[in-house]
Amino acid sequence: MEASDPSDSLITPSLRAFLHDVIDYAGLFPPADLSLHRAFQSHAEYRREEEAWMLSRFVLPVGRLPDLKAHRPLLKEGTRYDLSVLGTGGSTADTFLQAFERDLQAIEDFGDGLAEQAQVDVMEVPLPDALVGGSQAEGIEFLESITRTLVATGTAKLDLFFEVPLRNDTVPNLSALCAAAAEHNSQQAVPARTTVGLKMRCGGAEPTDVPEVEDVAALIVACRDAGVPFKATAGLHHPVRHYDDGLDTEMHGFLNVFAAAVLAAEHDLDPPEVQAILVEKNADNFRFLKDAFAWRDLTVSLDAIQYAREHLALSFGSCSFEEPVDHLRDLEWL
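Note that the structure is a prediction, hence the values are computed from the model and not measured. (Residues numbered from 1 in each chain as written. Predicted model: local features only at pLDDT ≥ 70, side-chain atom pairs only at ≥ 80, totals over all residues. Heavy atoms only, no water.)

### Examining the sheet that holds strand β11 (residues 292-295)
The sheet built from 3 strands is open, its strands ordered β10-β11-β12 with antiparallel pairing. Looking at strand neighbours, the two that pair on one side only are β10 (286-288) and β12 (298-301), the edges of this open sheet. Between one strand and the next, the sheet's axes are offset by a mean angle of 15°, whatever the strand orientation. The pairing of β10 with β11 spans 3 bridges and is classified as antiparallel. Looking across to β11, one finds that Phe-288 is bridged to Phe-293. Relative to β12, helix α9 (residues 254-267) is tilted by about 80°, and along the sheet it contacts β10, β11 and β12. Where helix α11 (residues 302-311) meets the sheet, it contacts β11 and β12, and its direction lies at approximately 80° from that of β12. (Pairing = 2+ DSSP bridges. Helix = DSSP H or I, 4+ residues; strand = E, 2+ residues; numbered from the N terminus. Axes fitted to C-alpha atoms, helices over the stretch in contact; angles between N-to-C directions. Contact = heavy atoms within 4.5 Å.)

### Quick notes on the nonpolar core
Grouped together as the largest cluster of nonpolar side chains are 106 residues, with contacts concentrated most on Phe-18, Leu-83, Met-200, Ile-220, Phe-230 and Phe-293. Among the elements that take part in this core, α9 stands out by supplying 10 residues, more than any other. Dropping the residues within four chain positions of it, Leu-83 is found in contact with Phe-40, Arg-57, Phe-58, Leu-60, Leu-65, Leu-68, Phe-110, Ala-118, Gln-119, Val-120, Asp-121 and Val-122. (Core = buried A, V, L, I, M, F, W, Y, C linked by side-chain atoms within 4.5 Å. Buried < 20%, exposed > 50% of the residue type's maximum accessible area, 1.4 Å probe, protein only.)

### Looking at the packing of helix α8 (residues 213-226) against helix α10 (residues 271-278)
The contact between α8 and α10 brings their axes to 9 Å, and the two run at 120°. In this view, α8 runs oblique relative to α10, as classed from their interaxial angle. Once α8 is placed against α10, the crossing between them reads as right-handed. Facing α8, whose interface residues are Val-213, Glu-214, Val-216, Ala-217, Ile-220 and Val-221, α10 presents Pro-271, Val-274, Gln-275 and Leu-278. (Parallel < 35°, antiparallel > 145°, perpendicular 65-115°, else oblique. Left-handed = near helix turned anticlockwise from the far one by under 90°.)

### With respect to the packing of aromatic side chains
A complete count under the given rule lists 16 aromatic pairs for this structure. An angle of 40° between the planes, with centres 5.0 Å apart, marks the rings of Tyr-46 and Phe-321 as tilted. You can see Tyr-46 sitting in helix α2 (residues 36-46) and its partner Phe-321 sitting in the loop between β13 (313-318) and α12 (322-330), a full 275 residues away along the chain. Classification of Tyr-46 by relative accessible area gives buried; the value is 8%. Both rings, one in Phe-258 and one in Phe-316, keep their centres 6.0 Å apart while their planes meet at 55°; by these two values the pair is tilted. (Phe/Tyr/Trp six-rings, centres within 6.5 Å; stacked < 30°, edge-to-face > 60°.)

### What about unusual backbone geometry?
Following Pro-30, the chain continues into Pro-31 via a peptide bond in cis, with omega recorded as 0°. One can find Pro-31 in the loop between β1 (23-25) and α2. With a phi angle near 70°, Ala-234 is a residue other than glycine that sits in the positive phi range. If you trace the backbone, Ala-234 turns up in the loop between β7 (230-233) and β8 (242-244).

### Side note on the pairing of β12
Burial along β12 is one-sided: Leu-298 and Val-300 are buried, and none of Thr-299 and Ser-301, which face the opposite way, are. Of the strand pairs in this sheet, β11 and β12 are connected by 4 bridges, and their pairing is antiparallel. Residue pairing for β12: Ala-292 is matched across the bridge by Ser-301. Between β11 and β12, which pair antiparallel one after the other, the connecting turn spans 2 residues, and Arg-296 there sits at a positive phi close to 50°.

### Section: α9
An ideal rise of 1.5 Å per residue puts 20 Å on 14 residues; α9 measures up with 20 Å between its terminal C-alpha atoms. Just downstream of α9, Asp-268 is the residue with a positive phi angle, here 50°. (Expected span 1.5 Å × (residues − 1).)

### Regarding the pattern of salt bridges
A side chain of one charge can pair with a side chain of the opposite charge when the charged atoms of the two come close. In total, this model carries 16 salt bridges according to the counting rule given. A salt bridge links Asp-225 to Arg-224; the shortest N-O distance between them is 2.6 Å. By relative accessible area, which is 15% here, Arg-224 ends up buried. (Salt bridge = Lys/Arg side-chain N within 4 Å of Asp/Glu carboxyl O.)

Any functional reading would require information that these geometric values do not contain.
Given below as structure tokens:
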């Protein structure tokens with residue numbers, strides 16, 4: 001991936017605000033399936049590219065932390081790497097908490113001697129099945145157990161993003177989940193300052209892995225209403241919604257998802273209005289102006305973009321950094 005001439009850059013302030021730190025690099029995962037050495041080497045190389053401002057954390061399973069530590073020479077002196085780990089999880093609250101303690105120990109062991117070079121500050125993990133359809137009270141009780149575990153282990157700040165399946169039987173419970181997360185976040189204090197958010201999967205190896213537009217909109221609105229952040233992953237290599245011949249289905253665009261969140265936050269959009277942004281296929285209807293972002297007749301200021309990106313729509317995981325960048329270039333936005 002060749003760096004373009006900065007003098008020819010088409011990057012507007014609104015585009016930079018919109019896409020800053022937006023991609024969590026997950027080269028270990030399908031379809032890239034790179035070795036740990038090659039994936040982390042690629043991450044380090046991307047950090048030297050002109051588009052490095054779009055790159056956020058390196059993603060790896062918590063169980064691979066010892067392997068990364070064994071590759072310590074990859075951690076360049078004088079450079080700080082932020083990591084997001086995929087937690088072990090569990091089907092019940094009890095099995096989850098048992099695995100969570102082991103995961104925290106693995107994070108602590110990894111950090112010994114590496115605090116200046118690498119830091120795990122985010123964990124992404126599936127919500128226990130028993131809690132996906134649970135009540136707000138059950139969610140709050142579970143998160144209180146999480147907090148007690150963090151305090152007991154003396155864990156430094158670790159933000160948690162619980163992946164929830166977007167299905168007809170789970171989407172109606174998103175508001176309760178978000179309310180529990182918001183209650184937890186509002187009561188957090190040092191030493192266990194942990195922000196809890198949700199994570200959604202936007203694609204996969206099968207057409208059925210792509211969630212319905214209505215369900216993606218429901219998660220965005222639920223998080224917006226509760227003031228809870230979200231992350232996304234899978235199936236978001238393209239900026240704009242499109243038809244994928246390989247999967248024989250419509251795919252979400254990362255620009256659509258983040259535009260829907262940013263505009264929903266600014267204009268208090270209802271679910272059908274959010275859905276309209278998610279299904280937009282005409283890239284020309286997205287406009288990155290000098291001091292604002294616009295979709296059709298809706299605009300949002302630079303400050304509002306930055307606020308929504310910091311507090312609502314945080315990032316998306318991708319096994320490729322080059323593909324999203326190349327597609328943005330094809331659209332002449334980079």
